[in-house]
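Structural characterization, general
What follows is each chain in one-letter form.
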Amino acid sequence: MGGEERESTIAGRLRRARPVVGDRVEIRELPDRSVRVEAVLPRRGILLRGAFRNEEKIVAANVDVLVIVAAVADPPLRTGLIDRYLVAAWRGEIEAMIALTKVDLPYDEGEVARVREIYGGLGHRVIGLSLRTGEGLDELRGALADRVTVLAGHSGVGKTSLTNALTGRTDATGKLNPVSDRGRHTTTGARYMDLPGGGALIDTAGIRSFGIAGVAADDLQKAFPEIAAAAEDCEWEGCLHREGEDGCAVEGAPGVSPERLASYRKLLSELEELEAERGAS
Ligand code: ZN
């Protein structure tokens, strides 16, 4: 087999699996001591970027934990965003935790207790944090030790400060950085940073949202385990639990909060619109 043929085979393999941040790869050291990526190893824990409807791109691979960052105040706590990120985590088979920042500010304690109850009840770890006082940081550091983590959250919730606090760096400015620390294979804006206590943080600053567009409408309820459980009592197989649906057992079922059901329905109609667009084109 000629060298040229081998080159083209590797190039072909790389075209099919272009390395992304977090990938594990097979490398070969060349006579000039440079290193060549020969193959991308199978991935798990995948996050997709959801900017373009039918064109989802992998942002990061081999992610163990998605930490959903939301502030208890300023900006106001909105569980719809948490639920959207939980769908992305479910889709990528990634464990999700919730970090509630700015607990040093005045906030609605009843609302926060309810958020803790809803998501804690679903098995997600919920950690209250203040980057001003340092409250909760050690707990979060402990939970992320030796694991590969991505932080998700909208601007203003303190994601950049949290990134700096966890990595001990001050240059995580949140600006789009197209070159990763571990190589020049990525143009997604994600970068891989080692954590002082072991493990790593993949900074995805510059990526607005993670993709859920490829989730089929009738699969969405799998990302809402309490809704899927209540759905066993729906009269019709294939019930999608829309508002006012005949014979639907989900609305008012114990364990299904109105907030989560509203999030589910909002995402369902979004996905159905996308499906309709795809069908029409
Ligand atoms: Zn139903």
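Located above this text is the structure these notes cover.
Before going into details, it helps to say that this report is about the structure given with it. Here the structure is a predicted model, which is why all the values come from computation and not from measurement.

A tally of helices and strands in the protein chain yields seven helices and 10 strands. Within the protein chain, the fraction of its 281 residues that count as buried is 44%. When the accessible area of the protein chain is evaluated, it comes to approximately 14,800 Å², of which 48% is carbon and sulfur surface.

Here the focus is the coordination of the zinc ion. At this site the zinc ion is bound by Cys234 (SG), Cys239 (SG), His241 (ND1) and Cys248 (SG), with donor distances of 2.1 to 2.4 Å. All donors to the zinc ion come from one chain, and their sequence spacing reads C-x4-C-x1-H-x6-C. Neither residue differs from the other here; cysteine 239 and histidine 241 are each classed as buried.

Before going further, it helps to spend a moment on the pairing of strand β2 (residues 35–40). Both faces of the sheet carry side chains from a regular strand, because those side chains alternate between them. Pairing of strand β1 (residues 25–29) with β2 involves five bridges; the strand directions are antiparallel. Bridging across to β2, valine 25 finds its partner in valine 40. If you look at the hairpin formed by β1 and β2, you'll find five residues sitting between the two strands, and arginine 33 has a positive phi there, around 75°.

Along its 23 residues, helix α7 (residues 258–280) runs 33 Å from first to last C-alpha, staying within 8% of the 33 Å computed at 1.5 Å per residue. Tucked into the core, α7 has its buried residues touching α2 (79–91), α3 (109–121) and α6 (225–230).

The next subject is the sheet that holds strand β9 (residues 191–194). The mixed open sheet is built from six strands, whose spatial order is β7-β6-β5-β8-β10-β9. The open sheet has two edge strands with one neighbour each: β7 (125–128) and β9. Neighbour to neighbour, the strand axes of the sheet diverge by 25° on average, direction disregarded. With four bridges connecting them, strand β6 (residues 95–101) and β7 associate as parallel partners. In the strand pairing of β7, alanine 99 is matched with isoleucine 127. Strand contacts of α2: β5 (65–71), β6 and β8 (148–152), with the helix running at about 175° to β5, the strand carrying the most contacts.

A few words on the side chain of aspartate 64. The residue aspartate 64 is located in the loop between β4 (57–60) and β5 in this model. Of the polar contacts made by the side chain of aspartate 64, one reaches the side chain of arginine 44; its length is 3.2 Å. Each residue touching aspartate 64, except ones within four places of it in the same chain, is listed here: Arg44, Ile94, Glu95, Arg147 and Val148.

On to the nonpolar core, then. Considering soluble globular proteins, one finds that nonpolar side chains tend to be buried as a cluster. Formed by 57 residues in total, the largest nonpolar core has its most connected members in Leu66, Leu100, Ile202 and Phe210. Mapping this core onto the domain boundaries places at least three of its residues in each of domain 1 (47–203) and domain 2 (217–280). Counting 19 residues, the second largest nonpolar core, distinct from the first, contains Ala99, Val157, Leu166 and Met193.

Looking at the secondary structure, you find histidine 241 in the loop between α6 and α7. In this structure histidine 241 comes out as buried when scored by relative accessible area, which is 1%. Those residues within four positions of histidine 241 in sequence are excluded, and the remaining contacts are Gln221, Ile227, Ala231, Cys234, Cys248, Val250, Tyr264 and Arg265.

What follows deals with the pattern of salt bridges. Close approach of charged atoms allows side chains with opposite charge to pair. What the rule picks out here adds up to 17 salt bridges. The residue arginine 260 makes a salt bridge to glutamate 226 at a minimum N-O spacing of 2.7 Å. Residue arginine 260 is found in helix α7, and its partner glutamate 226 is found in helix α6; the two are separated by 34 residues along the sequence. Across the pair, glutamate 226 and arginine 260 agree in class, each one buried. Residues participating in the shared-partner salt-bridge network are Arg28, Arg36 and Glu38.

Next up on the list: the packing of aromatic side chains. Counting across every chain of the model gives one aromatic pair. Between phenylalanine 224 and tyrosine 264, the ring centres sit 5.5 Å apart and the planes meet at 75°, which makes this aromatic pair edge-to-face. Placement of phenylalanine 224 in the loop between β10 (200–203) and α6 and of tyrosine 264 in helix α7 is noted, with a sequence separation of 40 residues between them.

By the element assignment, leucine 195 lies in the loop between β9 and β10. On the accessibility criterion, leucine 195 (10% relative accessible area) is buried. It is 9.0 Å that separates the C-alpha atoms of leucine 195 and arginine 141, two residues lying 54 residues apart in sequence.

About the cut-offs
Residues numbered from 1 in each chain as written. Predicted model: local features only at pLDDT ≥ 70, side-chain atom pairs only at ≥ 80, totals over all residues. Heavy atoms only, no water. Helix = DSSP H or I, 4+ residues; strand = E, 2+ residues; numbered from the N terminus. Buried < 20%, exposed > 50% of the residue type's maximum accessible area, 1.4 Å probe, protein only. Areas by Shrake-Rupley, 256 points an atom, 1.4 Å probe, with all protein chains shown as cover. Donors = N, O, S within 2.8 Å, 3.2 Å for Na, K, Ca; no water. Pairing = 2+ DSSP bridges. Expected span 1.5 Å × (residues − 1). Contact = heavy atoms within 4.5 Å. Axes fitted to C-alpha atoms, helices over the stretch in contact; angles between N-to-C directions. Polar contact = N/O pair within 3.5 Å; in protein donor to acceptor, adjacent residues only side chain to side chain. Core = buried A, V, L, I, M, F, W, Y, C linked by side-chain atoms within 4.5 Å. Domains from an automatic or database assignment. Salt bridge = Lys/Arg side-chain N within 4 Å of Asp/Glu carboxyl O. Phe/Tyr/Trp six-rings, centres within 6.5 Å; stacked < 30°, edge-to-face > 60°.

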